[in-house]
Amino acid sequence: MNDLIDLAIKNIFRQKTRTALTIIGILIGIGAVVALGSISEGIYTQITEEMQFMAGTIMVYSKGSSGFMTAFEGSEITEGDVEEFEDFSGVKQVVPYVMRMGEIEIGMGPTMLIIGIDPEDVEFFKSRGTELDSGREIVVGDTYQTLIGYTYAEGNGLEVGDSIELKKNSFEVVGIIESTDADIDNSVIIPIDTMMDVYNMDNYKSLFITPEDVSKVEVVAEDLKSSFDDFEFITSTDLIKQMASIVDMIRFFTIGISSIAAVVGGLGVMNTMIMSVLERRREIGIMKAVGATNKYILTQILIESVMISLIGGLVGITIGGLGSYSLRFVSGGLAMAKVTINLVIGGLLFAISLGLIGGLYPAWKATKLDPIEAIRYE
Amino acid sequence: MSNIIELKSIEMTYNPGKENELKVLKGINLKIHKGEMVALLGPSGSGKSTLMHIIGCLDRPTKGKVYIEGKDVYKLSEDELALVRRKKIGFIFQQFNLINVFTAVENVELPMRLAGVEKNEARKQAMQLLKLVKLGERSGHFPNQLSGGELQRVATARALANRPLIVLADEPTGNLDSKTGEEIIELMNKLNDKGYTFLIVTHDPLIAKSAERIIKIKDGKILGG
């Protein structure tokens, strides 16, 4: 076996340019699989992390707005509605909040979210995995104080004690939230009353309802749905269902399209190996004459083609992985690419199987060589 | 003397039943004994190379049987025939047929490595064989760094790897000048004295002279056989 590997290394270095081009063909394909695959993995992770935040709660917005993400603009929930929800059986807590896409006067960072919450409800948000990186939370009595997300703070060079401006109002940064890989990283959180004041809002956009018994969240959501016609009640299960199909589609397209590139790379391997077998007819004939079995010849050609595709795969995974990782910085943390171990192993297995499949036909041709003919061949 | 190789009614027909049907061998019977040096003479097209390939387990005859140490070899599968070539047959070709990416010693090692001889042991034996053909000091050279005579010596050393039952040489001096050719003949005679059996296909009267037995072949038949 060692001999076969030595020989394969000797052979792939014989035609350096051709080998290099073949490797590039594979690395582009596998690199694309890893890069695009990691982006869809990133999207998936981002969504599931955001779903974590929703777990055990019911999200409410008013009907008429067209869906989850666009809900904030059209939805209106009054103080009266909030009271009605609070009195509903099985409901423990109602947490209203307002949210809008922000334009902020300083910096040129990516779009951020401005979220207004009731300082009384800080515990609710804290219990959902948002920890502080530095400073303190906003507390009852705060007005023009703000908690900011980690990426937002980094991007704008903000620290606790600095101030930011929203609609000509200055807010003091009292705390920075630890990095979470979710939207919250790029948001500014201020007391809900101040927010409604500053942005002239009369009603809440959306709210969270927590049930008394977390395990009954779906039951409570169903009860609410049948009692209130004007509102949508969404649980994390509903959202995951919606999102999963979108993510699956993204996965299918990204990995599907890049796989085509990889298969083209595999054809390159096949072409190279066919050429290589043709050039080495005489040598293969000699090997057979001195006692190499067909199995030996087959293995030799396959090792060579797998070696080429494996090198392409390894370099492709490295470049694809680095590329998608750098996307995080280019996009300012908004686009998340995640190189999972499955993606790396999958990419490697893909590369190996391209080498195997691409090498099989040339290897088979090599075993069919008649040693007498091959030796005569000049 | 014992028979190591026996051919019975060997016939070889190319493209049988077609318009371009060609009968190359027409009923060859032949016995080769251990330790012999046999020269196979005949004009080109007489079928002598084909006969050598058949003895060397490279080409299946259309009819007849080949026994190597009493075993009917063409009952074997392709890969089993490869094993017979590896263990029992050594080839020397007119075109030397060394592997260009291997050094001299690696070429000699190849049949041993194929036979599963451990690397260091194979290297040791290959070096001994190269010394035997007086090329010990050129073991690390690649074929393109060696002269024709040297190449044929390496090829001879390779043919001796695995201590074959018989060495089959196809026009071994055909590509060499007469002086170098003589050296190769001398080498083969010396090896024959050491007990190696040779079957040499040749035009070369010098080889024929030094052979113990001459078999003449014409139009696919052995003359006087």
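Provided above is the structure to which this section pertains.
Below you will find a few notes about this structure. Per chain, residue numbering runs from 1 following the sequence as it is written. Here the convention is simple: chains get letters from A, ligands get numbers from 1, in the order in which they are written. Confidence filtering applies because this is a predicted model: local features only for residues at pLDDT of at least 70, side-chain atom pairs given and counted only at 80 or more, and all residues used for totals across whole chains, interfaces and linings.

## Quick notes on the overall build of chain A
Only DSSP runs of H or I reaching four residues or more are called helices, and only runs of E reaching two or more are called strands; each is numbered from the N terminus. Per the secondary structure count, chain A includes 13 helices and 10 strands. Here the C-beta atoms are placed from the backbone, and a residue counts as buried if at least 20 other C-beta atoms lie within 10 Å of its own, exposed if 12 or fewer do, and partly exposed otherwise. Here chain A, with 378 residues, has 41% of them falling under the buried criterion. Each residue is represented by a C-beta atom placed from its backbone, and any two residues with such atoms within 7 Å are regarded as in contact. If you take every contact in chain A between residues at least 6 apart in sequence, the share linking residues at least 24 apart comes to 83%.

## Points about the overall build of chain B
Along chain B, the regular secondary structure elements total seven helices and 10 strands. We compute the radius of gyration from the C-alpha atoms alone; for a globule the expected value is 2.2 Å times N to the 0.38, where N is the number of residues. Scaling as 2.2 N^0.38, a compact globule of 225 residues should have a C-alpha radius of gyration of about 17 Å, and chain B matches this with 17 Å. Projected onto its principal axes, the C-alpha coordinates of chain B cover approximately 50 × 40 × 40 Å. The 225 residues of chain B split such that 47% are buried. Look at the contacts in chain B between residues 6 or more apart in sequence, and 70% of them connect residues 24 or more apart.

## Topic: the pairing of strand S6 (residues 163-166) of chain A
All names here are of chain A. Only one face of S6 is covered, namely the one carrying Ile164 and Leu166; the face carrying Ser163 and Glu165 has none of its residues buried. When DSSP locates at least two bridges between a pair of strands, those strands are taken to pair. As defined by bridge partners, S6 adjoins strand S7 (residues 169-177) across four bridges and the pair is classed as antiparallel. Residue pairing in the sheet places Ile164 in a bridge with Phe171 of S7. Joining the antiparallel neighbours S6 and S7 is a turn of two residues, in which Lys167 adopts a positive phi near 50°.

## A closer look at the pairing of strand S8 (residues 198-202) of chain B
All names here are of chain B. For S8, the tally of buried residues reaches five of five residues, placing the bulk of the element in the interior. Across the two faces of S8 the burial is the same, with Phe198, Ile200 and Thr202 and Leu199 and Val201 all buried. In terms of strand pairing, strand S3 (residues 37-41) meets S8 through five bridges, oriented parallel. The partner of Leu40 across the bridge, within S8, is Val201. The pairing of strand S7 (residues 166-170) with S8 spans four bridges and is classified as parallel. What sits directly across from Val167, in S8, is Phe198.

## What about the packing of helix H11 (residues 294-330) of chain A against helix H12 (residues 341-368) of chain A?
All names here are of chain A. Every axis in this analysis is a line fitted to C-alpha atoms, fitted for helices over the stretch in contact. Angles between the N-to-C directions lie between 0 and 180 degrees. Contact geometry for H11 and H12: axes closest at 7 Å, N-to-C directions at 150°. Between H11 and H12, the interaxial angle falls into the category roughly antiparallel. Between H11 and H12 the crossing geometry is right-handed. By the definition adopted for this analysis, an angle is roughly parallel if under 35 degrees, roughly antiparallel if over 145, roughly perpendicular if from 65 to 115, and oblique otherwise. With the far helix as reference, a near helix turned anticlockwise by less than a right angle produces a left-handed crossing, and one turned clockwise produces a right-handed crossing.

## Some details on the nonpolar core
We define the nonpolar core as any set of buried residues of the types Ala, Val, Leu, Ile, Met, Phe, Trp, Tyr and Cys, connected via C-beta atoms lying within 7 Å of each other. Of all hydrophobic cores here, the largest spans 117 residues; its most connected members are Leu40 and Leu199 of chain B. Non-local contacts of Leu40 of chain B, meaning those with residues more than four positions away in its chain, are made with Lys48, Leu51, Met52, Leu199, Ile200, Val201, Ile215 and Ile217 of chain B. Membership of the second largest hydrophobic core comes to 44 residues, among which are Val94, Val98, Leu166 and Ile209 of chain A.

## Focus on the interface of chain B and chain A
How big an interface is tends to be reported as the loss of accessible area on association of its parts. The interface of chain B with chain A comprises 20 residues on the first partner and 17 residues on the second. Listing elements by their share of the side of chain B that touches chain A, those giving two or more residues are helix H2 (78-88) and helix H3 (104-114) of chain B. In terms of residue count, H2 of chain B provides more of the side of chain B that touches chain A than any other element does, six residues in total.

## What about the sheet that holds strand S10 (residues 221-222) of chain B?
Ordered by their spatial adjacency, six strands build an open sheet running S6-S7-S8-S3-S9-S10 (chain B), and the pairing between neighbours is mixed. Looking at which strands have only one partner, the edges of the open sheet turn out to be strand S6 (89-92) and S10 of chain B.

## Brief notes about the sheet that holds strand S5 (residues 71-72) of chain B
Whether parallel or antiparallel, the strands of a sheet pair through hydrogen bonds between backbone atoms. Residues and elements named next belong to chain B. Strands sit in the order S2-S1-S4-S5 across an open sheet of four strands; the sheet is antiparallel. The sheet is open, and its two edges are formed by strand S2 (22-33) and S5, each paired on a single side. Pairing between strand S1 (residues 3-14) and strand S4 (residues 63-68): five bridges, direction antiparallel. What sits directly across from Leu7, in S4, is Val66.

## Overview of helix H6 (residues 178-193) of chain B
Residues and elements named next belong to chain B. Here a helix's expected span is defined as the number of its residues, less one, multiplied by 1.5 Å. In this model, H6 (16 residues) spans 22 Å end to end at C-alpha, consistent with the 22 Å of a helix rising 1.5 Å per residue. Within the sequence span of H6, burial applies to Gly181, Ile184, Ile185, Met188 and Leu191. Relative to the axis of H6, the buried residues are bounded by an arc of 120° and lie together on one face. Exposed residues on H6 whose side chains face more than 90 degrees from its buried face are Lys179, Glu186, Lys190 and Asp193. Residues of H6 that are buried sit in contact with helix H5 (148-160), S8 and helix H7 (205-210). To obtain the arc, one takes the directions from the helix axis to the C-beta atoms.

## Some remarks on the environment of Leu158 of chain A
Residue and element names in this part refer to chain A. Mapped onto the elements of the fold, Leu158 is located in the loop between helix H6 (150-156) and S6. Separated by 15 residues in sequence, Leu158 and Val173 have C-alpha atoms that sit 8.1 Å apart. Excluding residues that lie within four positions of it along the chain, Leu158 makes contacts with Ile148, Ala153, Ile164 and Val173.

## Section: unusual backbone geometry
Residue and element names in this part refer to chain B. A positive phi angle, close to 55°, is found at Asn97, a residue other than glycine. Counting through the fold element by element, Asn97 comes out in the loop between S6 and H3. The exposure class of Asn97 is buried, given the 23 C-beta atoms found within 10 Å. For Asn162, which is not glycine, the phi dihedral falls at a positive 65°.

## With respect to the packing of H3 of chain B against helix H4 (residues 119-132) of chain B
Residues and elements named next belong to chain B. Axis separation between H3 and H4 bottoms out at 9 Å; the angle between their running directions is 125°. Considering the angle they form, H3 stands oblique to H4. The chirality of how H3 crosses H4 is right-handed. Contact residues: H3 offers Ala104, Val105, Val108, Glu109, Met112 and Arg113, while H4 offers Ala122, Arg123, Gln125, Ala126, Met127, Leu129 and Leu130. For this scheme, ten residues count as nonpolar: Ala, Val, Leu, Ile, Met, Phe, Trp, Tyr, Cys and Pro. Four count as charged, namely Asp, Glu, Lys and Arg, and the remainder, Gly too, count as polar. Among the residues making up the contact of H3 with H4, the classes are represented as nine nonpolar, one polar and three charged.

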